[in-house]
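Fold and contact review
Okay, here's what each chain looks like letter by letter:
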Amino acid sequence: MSTMTLEREIKLEFASADEARVAVLASGATPLLGRRLQEDSLLDTADEELRRRRCVLRVRVENGKSRLTFKGPVQPSAMKLREEVETVVGDGEVVLRVLQELGLHVWFRYEKYREEFSHEDVIVAI
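Let me sum up the structure you'll find in this document. Owing to the predicted nature of the structure, the values given are computational and were not obtained by experimental measurement.

Basis of the calculations
- Residues numbered from 1 in each chain as written.
- Predicted model: local features only at pLDDT ≥ 70, side-chain atom pairs only at ≥ 80, totals over all residues.
- Heavy atoms only, no water.
- Salt bridge = Lys/Arg side-chain N within 4 Å of Asp/Glu carboxyl O.
- Helix = DSSP H or I, 4+ residues; strand = E, 2+ residues; numbered from the N terminus.
- Buried < 20%, exposed > 50% of the residue type's maximum accessible area, 1.4 Å probe, protein only.
- Lys, Arg positive; Asp, Glu negative; His and termini not counted.
- Polar contact = N/O pair within 3.5 Å; in protein donor to acceptor, adjacent residues only side chain to side chain.
- Arc of directions from axis to C-beta.
- Patch = residues over 30% accessible without salt bridge, like charges linked within 9 Å, V, L, I, M, F, W, Y side chains within 5 Å.
- Areas by Shrake-Rupley, 256 points an atom, 1.4 Å probe, with all protein chains shown as cover.
- Contact = heavy atoms within 4.5 Å.

Tallied over the full model, the rule gives 15 salt bridges. The closest approach of N and O atoms between Glu 86 and Arg 58, which form a salt bridge, is 3.5 Å. Of this pair, Glu 86 sits in strand 5 (residues 80-89) while Arg 58 sits in strand 3 (residues 56-62); the two residues are 28 residues apart in sequence, bridging distant segments of the chain. Comparing Glu 86 with Arg 58, the two get one shared label, buried. One network of salt bridges, with partners in common, ties together Arg 36, Glu 62, Arg 114 and Glu 116.

Structure below.
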């Protein structure tokens with residue numbers, strides 16, 4: 001399954017994840033996806049073409065599931081707005097290997113915990 005969307009993103013700073021969770025729930029949001037570890041690998045060409053274009057190619061692994069995501073450059077907007085194309089893949093490590101064999105390399109890896117809430121047509125992530 002793949003999706004193409006316009007991702008709209010606003011980041012707000014809180015002193016802690018607990019403080020953010022209280023504020024999100026107080027807004028009327030309801031829990032959507034529980035806390036889980038996400039392992040992300042960002043890829044690029046040897047000449048950093050994607051970074052120069054301000055694009056991102058990411059392989060994300062979480063809870064045994066993997067996704068391949070391309071994010072286009074940020075578009076002019078009052079908030080961070082960019083095209084996002086994403087698809088579920090069978091094995092993130094295999095996809096990484098294929099992309100590396102095609103000449104891409106992982107230039108950045110990071111891990112984070114994330115939980116999501118829903119409020120009307122908005123997904124809120126902590």
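Mapped onto the elements of the fold, Arg 82 is located in strand 5. The buried charged residue Arg 82 lacks any salt bridge, with Glu 7 as its nearest oppositely charged partner at 4.8 Å. At a separation of 2.8 Å, a polar atom in the side chain of Arg 82 contacts the main-chain carbonyl oxygen of Gly 72.

This next bit is on helix 3 (residues 92-101). Among the residues of helix 3, Gly 92, Val 95, Leu 96 and Leu 99 are the ones counted as buried. The buried residues of helix 3 occupy an angular sector of 100 degrees when the element is viewed end-on, so they sit on one face. Residues of helix 3 that are exposed and point over 90 degrees away from its buried face: Glu 93, Arg 97 and Glu 101. Residue Asp 91 occupies the N-cap position of helix 3, its side-chain oxygen lying 2.9 Å from the main-chain nitrogen of Glu 93. Where helix 3 terminates, the next one or two residues include Gly 103, which has phi positive at roughly 105 degrees.

Nonpolar side chains collect at one region of the surface, where Ile 10, Leu 12, Phe 14 and Met 79 lie side by side and expose about 400 Å² of accessible area between them. For Met 79, the location among the structural elements is in the loop between strand 4 (65-71) and strand 5.

By the element assignment, Ser 41 lies in strand 2 (residues 30-44). Taking the relative accessible area as the measure of exposure, Ser 41 reaches 6% and is therefore buried. At 3.1 Å, the side chain of Ser 41 and the side chain of Arg 109 are in polar contact. With sequence-adjacent residues up to four places away left out, Ser 41 is seen in contact with Leu 57, Arg 58, Val 59, Leu 96, Val 106, Phe 108 and Arg 109.

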